[in-house]
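Here's the letter readout for the chains.
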Amino acid sequence: MKLYMTPGSCSTAIHIILEELEEAFEAYVVNLPAGDHFKPDYVAINPKSTIPTLVRRDGTSLTEVPAIAYWLARSHPRAGLWPDGAENESRLIEAMAYIAGTIHGQGFARIFATNTFARNPADHDSVRELGRDIVTKGFAILNKAIGSQNYLAGDYSVADPILFYVEFWADKTNIALPENLAAHYLRMLTRPAVRRVLREEGYNTASLGKSSLSNSSCSEDRVDG
């Protein structure tokens, strides 16, 4: 398989899942600032010009982080990365859709791609502020959803790398994670596959998680790993 990805982006979630599954794949870096996603060769693979794209063994392309994650989980049932039962499945789909569609698509997108929401530079600060408000509200909702569980579905699943990538963005942009999400983020940072992926994508794992600890209410008495 081939993964078309950008280091430190939402594609990191799929990179982590592939590592967790010990899947053999080729990674191709899509340089977004250089406009690689609009080049004819890439558009032929993914007409949406988005990342990530997973080209599967039959040559077909799959896009959208929740869809790729779901397909990988269902294609590897023995890995146990997808829950049983309609209720548990629905809750996990609900969480993945909310992370990708709202926290990322409406919140962080306003922070990282401000000019796509407002062409007038005078409006950029207010757009970014709204983005941070959306992210903060979203984190509060997910903090309640995960509660005292180690992972979103109780056991580790493909939804956790998806939650991780927005937690990672919060760490890099100094947005406070509430207590349960801070614990989840630190727990994810101890997973060997996560650490391998971050190193491969050019990040120093030793420097991550510190802002989550200092900003979280769990900083003085709880460091879950």
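As shown above, the structure is provided for reference.
Rules and cut-offs
Residues numbered from 1 in each chain as written. Predicted model: local features only at pLDDT ≥ 70, side-chain atom pairs only at ≥ 80, totals over all residues. Heavy atoms only, no water. Pairing = 2+ DSSP bridges. Helix = DSSP H or I, 4+ residues; strand = E, 2+ residues; numbered from the N terminus. Axes fitted to C-alpha atoms, helices over the stretch in contact; angles between N-to-C directions. Contact = heavy atoms within 4.5 Å. Right-handed = clockwise from strand over helix to strand, strands pointing away.

(A) Quick look at the sheet that holds strand β2 (residues 26-29). Reading across the sheet, the 4 strands line up as β2-β1-β3-β4 and stay open at both edges, with mixed pairing between neighbours. Looking at strand neighbours, the two that pair on one side only are β2 and β4 (61-63), the edges of this open sheet. Sheet twist, expressed as the average angle between the axes of neighbouring strands with direction ignored, equals 20°. Its contacts with the sheet put helix α1 (residues 11-20) on β1 (2-5) and β3 (53-55), and the angle it makes with β1 is roughly 150°.

(B) Seen up close, the pairing of β1. Judged from the 4 bridges that link them, β1 and β2 form a sheet pairing that is parallel. Within the sheet, the bridge partner assigned to Met5 lies in β2 and is Val29. In this view, the connection linking β1 to its parallel neighbour β2 by way of α1 has right-handed handedness. Across 3 bridges, β1 lies against β3 in antiparallel orientation. Counterpart to Leu3 in the pairing with β3 is Leu54.

(C) Spatial organisation of the environment of Leu81. With respect to the element layout, Leu81 can be found in the loop between α3 (65-75) and α4 (86-112). Excluding residues within four positions of it along the chain, Leu81 makes contact with Leu21, Ala73, Tyr156, Ser157 and Val158.

By themselves, these are just geometric observations and shouldn't be taken as functional.
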